[in-house]
Structures are given as C-alpha cells and as structure tokens.
Amino acid sequence: MDKALTPDSPDQVLDAVAQALDQGRPLEVLGSGSKRTLGRPMYGAQPLVLSHLEGITSYEPEELVMSAHAGTGLDVITATIREHGQHLAFEPPDLAALLGTPNTATIGGVFACNLSGSRRIKAGAARDHLLGASAVSGRAEAFKCGGRVVKNVTGYDMCKLLTGSYGTLAVMTEVTFRTLPAPAEAHTVLIRGLDDKAAIIAMTRALAGPWEVSGAAHLPRAVAAASRVAELADGGAATLLRVEGPKPSAADRAKGLGEGLGDLGTITGIKGDDALVVWREIGDAAFFAGGDGRQLWRLSLPPSAGAEVVDVLTITQECRAFYDWGGGLVWLELLDPASASPDAVRAAVAASGGHATLIRADAETRSKVAVFQPQPEPLARLTARIKENFDPKGILNPGHMYDGV
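Presented here is a report on the structure given in the accompanying data block.

So, about the overall build of the protein. When its secondary structure is counted, the protein shows 15 helices and 17 strands. In summary, the protein has a C-alpha radius of gyration of 21 Å against a globular reference of 22 Å for 405 residues, a match within 12%. If one aligns the C-alpha atoms of the protein with their principal axes, the spans along those axes are about 65 × 55 × 35 Å. Expressed as a percentage of the 405 residues in the protein, the buried residues total 53%. A separation threshold of at least 6 residues defines the contact pool for the protein, and within that pool the share at least 24 residues apart is 72%. In the form shown here, the protein has an accessible surface area of approximately 17000 Å², with 52% of it arising from carbon and sulfur atoms. Mean positive and mean negative side-chain charge positions of the protein (38 and 46 charges, respectively) differ by 2 Å.

Because each turn of an α-helix spans 3.6 residues, side chains separated by three or four positions in sequence point in the same direction. Among all positions of helix H2 (residues 74–82), only Leu74, Ile77 and Ile81 are buried. Each buried residue of H2 lies within a common arc of 60° when the element is viewed along its axis, so the set occupies one face.

Attention now moves to the sheet that holds strand E4 (residues 65–69). An order of E3-E4-E8-E6-E7 is seen for the 5 strands of this open sheet, with the pairing classed as antiparallel. Unpaired on one side and paired on the other, strand E3 (56–60) and strand E7 (142–146) mark the two borders of the sheet. Neighbour-to-neighbour, the strand axes of this sheet turn through a mean angle of 15°, independent of strand direction. As judged from the 5 bridges shared by strand E6 (residues 130–137) and E7, these two strands associate in the antiparallel manner. Within E7, the position partnered with Ser134 by the bridge is Lys144. The strands that H2 touches are E3, E4 and strand E8 (170–178); relative to E3, the one it contacts most, it runs at about 25°.

Our focus in this paragraph is the packing of helix H7 (residues 196–208) against helix H12 (residues 306–316). Look at H7 against H12: their axes get within 9 Å of each other, and the N-to-C directions meet at 165°. Relative to H12, the element H7 is oriented roughly antiparallel. Seen along the crossing, H7 lies across H12 with a hand that is right-handed. Each of Asp196, Lys197 and Ile200 in H7 lies in contact with H12, whose residues at this interface are Ala307, Glu308 and Asp311. Among the residues forming the contact of H7 with H12, the class breakdown is 2 nonpolar, no polar and 4 charged.

With that settled, the discussion passes to the pairing of strand E10 (residues 185–192). Here 8 bridges tie E10 to strand E12 (residues 238–245), and the two strands are oriented antiparallel to one another. Paired with Ala186 across the two strands is Glu244, which belongs to E12. Sheet topology note: the E10/strand E13 (residues 267–270) ladder contains 4 bridges and is antiparallel. Opposite Thr188, over in E13, you have Ile270 as the bridge partner.

What counts and what doesn't
- Residues numbered from 1 in each chain as written.
- Predicted model: local features only at pLDDT ≥ 70, side-chain atom pairs only at ≥ 80, totals over all residues.
- Heavy atoms only, no water.
- Helix = DSSP H or I, 4+ residues; strand = E, 2+ residues; numbered from the N terminus.
- Rg over C-alpha atoms; globule rule 2.2 N^0.38 Å.
- Buried < 20%, exposed > 50% of the residue type's maximum accessible area, 1.4 Å probe, protein only.
- Contact = heavy atoms within 4.5 Å.
- Areas by Shrake-Rupley, 256 points an atom, 1.4 Å probe, with all protein chains shown as cover.
- Lys, Arg positive; Asp, Glu negative; His and termini not counted.
- Charge placed at Lys NZ, Arg CZ, Asp CG, Glu CD.
- Arc of directions from axis to C-beta.
- Pairing = 2+ DSSP bridges.
- Axes fitted to C-alpha atoms, helices over the stretch in contact; angles between N-to-C directions.
- Parallel < 35°, antiparallel > 145°, perpendicular 65-115°, else oblique.
- Left-handed = near helix turned anticlockwise from the far one by under 90°.
- Nonpolar A, V, L, I, M, F, W, Y, C, P; charged D, E, K, R; others polar.

Take it as geometry only, folks, not as evidence of what the structure does.
Pasting the structure below:
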C-alpha cells in the first residue's frame, strides 16, 4: 500500500487529487478513518487522510452557523458550540468504538456519511443541517456549493448530493452547517418490561401525541443489560422516550406523556448524566461495540414492521436487536458467524419494504456482500451517471458503495 497522503490545506488536497488523476491512481478518501471499515474494501487505493486539514474557520453563535475544515474532530466542534449553549441537533453518532477504529469522527465524515442519531425524528438528518461546502471533484476541480444561510442557496442543492456519498463524488475540504440552541431541559420517560411489539405501540402513541417527543427507543432485555447505566442494566427491557425544551414546558410535557402512557406499565424516568449516557449509547449503538467482527446491520423499516422482521430472523439467526426512531431504525447483530446469512437479512427486510446496510463485518464478507442496499436498475443507472460526471476516471473511493461506481 502506498504511503498515506495527509494534506493540511485545500490547495494540497487539490494537488493530491490532480496527481492521482494524472497517474490514474485510485484514492481512499478518509477523515480520520473512524468509519474506514464501513463500506466495501478498496484494495490498492492510496489513502488520502484529511485529519490534518482541521480547524474552525468561522463561527457566529448569534447567527447559528459554523464553518470548519473537513478534518476537524467532531469532539472539537461539539465542545466549542457547547460553550455557547448550542449543539448539533441531529446528534451525529461516533461509530469508532463500534467499528473498532482508534480515532474519533471528523465533521467532514459526519456529513459525507449522513449518519444521524435519535433526534433525527424531530430535527431531521445531517443533510438537513449542511448549508454549504467546498470540495474537490474527481476531475481535480475545486468548487463550492450552498451558502452560509438558507436564503442564499439557489439552484440545484449540490450539498444534498454530497451528503451521504461516502467520498465517492468529491473530497469535501470545508463545510458550513447550522448550530442550534441546546434544550434548556430534557426528561427521559422510562417504561419497563414491554416486549418489542408493545414497545413499538407505545413509541407510536408517544410520537403521535402532543408531547413533542425528540427520542423514542426500545432496548430488549439482552441489550439493556449491556448499558453502562446501572438502572437499565439491572432491570430488563426498557422503552425510552425523551422530551426536551424550556424548563416549564419540558416538565409538563414529560408529566403528560407519563400519564398518557400509564396504562402500558410502570412509568419512571432517567435523569441527569445517566440520561445523557444512554442516549449516547443508543445513537452510537455502543451496546454492540467489541463485536469481534460479528455482522452488524442497520435496518430502515416501517416502524410497524420492525418487530416482525426481527421475529422472522430469529427463526434462522442467532441475533439481538434494538430499536430507535420509534421503531423505524433497527440495529441487528448476528451473533453466530458460522450461520450469519446476509441473504436472510436482505429477504426479511425486502418483504417489509425497508432497506438494510451492513455496518460491520470482516473484510472478506464486505468484499462479497452488497454493503449498501442494492439499487433498482433505473436508480443504479442514475447513480453511475452522477459518478461519471463528478469522477470520470473513478479515482475517488472506487467501488466503496457499489460495484463499478
């Protein structure tokens, strides 16, 4: 493998891509490498590591907007905006521990992968918070898209295209994004002992009600036992519902939520640091960290189908799962590598109208299995044309998402 390239300026990124284009040499585009094993392996590609391209370039707390170089650590971003009582509302997860990689996420990697945490059901996805970006295409052309405020964004919103492209279209060098005031108070309502189907009914009722729920997750007993929060680890299955906002409002809505769901079981709550820890665990899927290469899947499903899909899979697969986004997101770990069947997962998910992403597996499995949901033929053709327009020689993360793209 060639020595990694570590540019520390946008001009150096442009030079690195230009040289690779001239030589017809593929590049493996990385932030810090925290999600390097998410996607198909790229054998023979030279790493282009952006972690030296770091630093906040502009922050206007009163305008709720920040710009930063793509290699800036997510921890640096969150610490800075926390000082001003702000946060990234979409709760970007850090999958480094889950994937067994040593480095923390970068802000460029957050948007390149479009991964969002539990608050997505209320605040939207990462792509909804990206205002603008500077990038270098596979043509070795530097370009900018978007702006610093939504009203300045006209024409085709190329930021939406880059977000979730996993570095296959362009190398982002700087991103501009929204920050929002952090909630003054948060309450987590806890219901104990529900089975998966009853928990999804509870979450659906909570989300459909007037309580403005910003997080709805269910941890079956085997998953709750892995929590670092003792109250969860020792008490069986846990259904968690979060309410946030100004102090009087949040408290009143949390009380109303508990009363509204009181017929489902014993209602308690999790407070303070314990609540912060468990929602971080849910967003990072931390219960499944240290999985020794066991297959881990991220299933996007109609909430009403989540428990049924897991039930179908437990017939042939030894697995454990938990639910986020009110049941619309299922994290599924296959516990027995010998019997783990990607085909079984795909079939069960397809029958429900959802899609599945292979988040963690050994390199051999990732090289043979479609890591991302296979696309219908018309969409696959469109994806290939977009890739060709941005990266005609296929030098940026070739094959990382799909064969030949």
